[in-house]
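What the coordinates show
Take a look at the letters that make up each chain.
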Amino acid sequence: MLQSTNVGTRIAEARKKMGLSQADIAQRVAISPQAVGKWERGESMPDIITLNRLAEIFGVDLNYFSDGHTNGETATIATLDPIPETTNNSAAPGKRADWNWDMSRGNWTDADFSGLKNLSEKFSSSNIKNCSFRNSDLSGLLLGRNNIELCDFSGADFRNSKIQSSNLGKNRFNACTFIDAECFKSNIEQCDFSGADWSGAEVMECNLESNTVTEVHWKFTRFRRTNISNMTFSGDFEDCHFEHCSFYNVTFEGVNFRNTFFKYNDRFKKVRFEHCTADNITYAFLKNNQATLSGITQRS
């Protein structure tokens, strides 16, 4: 049996054990922080769909929220647990088989995971703060519903990864590889992507704010329905695509545009272009989007 006061107590206990704020929980289940506060005070209770989502975030089953749950128990946080691969039941004498690390539903703080690999898609619903993932292999992963702050991913490989419904704040992604990656419905703020490669990547329905993107490689990169604010882009844009994006306080400085498409972008005429060049096709797209062309040199 579920009672609002007990459910609220369980939510508060698990949230605090994971080091999450009410706002963090609200973002992950798409409700207001005030609603989370009402749950924890027993003034209201989540519906069954939201309870299932909360159970996934906390790494517990639904019994955790029931009246029969033993007082004093709190959410079980996932621990780093190596699981041997099953493709080969035996390893060569004197050697161990490769491991897969399950980092989902974890609370990771102040840890050095530099050179990490073999995650096998197990890196979601975690709270990660002040950790190092330098030169890690994070390729091909589904990174969903994570809160990642103040971490260093310099030199990491995110090739073919999918970053979904996550919050990324104040992280370093210097010289990272995002080739053919997908970023969907995520909030990315105050991160440093200097020297990163976003070739073939797709950024959809995201919020990009106050990020450093110096000398980033943009080729076949696609931005759709994304808010871009307080950012200065440099480097080259080749065969890129901006559609239904919103711009605020954005500057392209020293950029060389080649075959880049712009369509249905909001507030685009306020975008600043300084010492940029563009081929004829891109220049036509920019003009059609009411761009201020004084800072752009047209070339054939």
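These lines cover the structure that appears in this document, whether it is placed above or below. All figures in this text were calculated on a predicted structure; none of them were measured in a lab.

**Describing the pairing of strand 15 (residues 227-233)**
Pairing analysis gives three bridges linking strand 12 (residues 207-209) to strand 15, with the strands arranged parallel. Counterpart to N207 in the pairing with strand 15 is N227. With six bridges connecting them, strand 15 and strand 18 (residues 246-253) associate as parallel partners. Paired with M231 across the bridge in strand 18 is V250.

**A closer look at helix 1 (residues 4-17)**
A rise of 1.5 Å per residue sets the reference length of helix 1, with its 14 residues, at 20 Å; its end C-alpha atoms lie 20 Å apart and thus fit the reference within 8%. Looking at helix 1, one finds that the buried residues are V7, G8, R10, I11, A12, A14 and R15. Where helix 1 is buried, its residues contact helix 2 (22-29), helix 3 (33-40) and helix 4 (48-58). Backbone geometry just after helix 1 places G19 at a positive phi near 70 degrees.

**So, the pairing of strand 22 (residues 276-279)**
Here two bridges tie strand 19 (residues 256-258) to strand 22, and the two strands are oriented parallel to one another. Looking at strand 22, one finds that F257 is bridged to A278. Direction of pairing for strand 22 relative to strand 23 (residues 296-299): parallel, over a ladder of four bridges. Following the sheet pairing, A278 is matched in strand 23 by Q298. Once you follow strand 22 into helix 5 (residues 280-288) and on to strand 23, the crossover reads as right-handed.

**What about the nonpolar core?**
Membership of the largest hydrophobic core comes to 59 residues, with the highest contact counts inside it found for F153, F178, F193, F252 and F273. Looking at this core, the elements that each hand over two or more residues are strand 15, strand 18, strand 22 and helix 5. If near-sequence neighbours (up to four positions away) are discounted, F273 is found in contact with F252, F257, F268, L286, A291, T292, G295 and I296. If you look at the next biggest cluster of nonpolar residues, it comprises 18 residues, including I11, V29, L54 and F65.

**Looking at the sheet that holds strand 8 (residues 167-169)**
Spatially, 3-4-6-8-10-12-15-18-21 is the arrangement adopted by the nine strands of the open sheet, whose pairing is parallel. Strands at the two margins of the open sheet, each flanked by one partner only, are strand 3 (107-109) and strand 21 (272-274). Adjacent strand axes in the sheet meet at a mean angle of 10 degrees when their direction is disregarded.

What counts, and at which threshold
Residues numbered from 1 in each chain as written. Predicted model: local features only at pLDDT ≥ 70, side-chain atom pairs only at ≥ 80, totals over all residues. Heavy atoms only, no water. Pairing = 2+ DSSP bridges. Helix = DSSP H or I, 4+ residues; strand = E, 2+ residues; numbered from the N terminus. Expected span 1.5 Å × (residues − 1). Buried < 20%, exposed > 50% of the residue type's maximum accessible area, 1.4 Å probe, protein only. Contact = heavy atoms within 4.5 Å. Right-handed = clockwise from strand over helix to strand, strands pointing away. Core = buried A, V, L, I, M, F, W, Y, C linked by side-chain atoms within 4.5 Å. Axes fitted to C-alpha atoms, helices over the stretch in contact; angles between N-to-C directions.

Shape is all these values report; function is a separate question.
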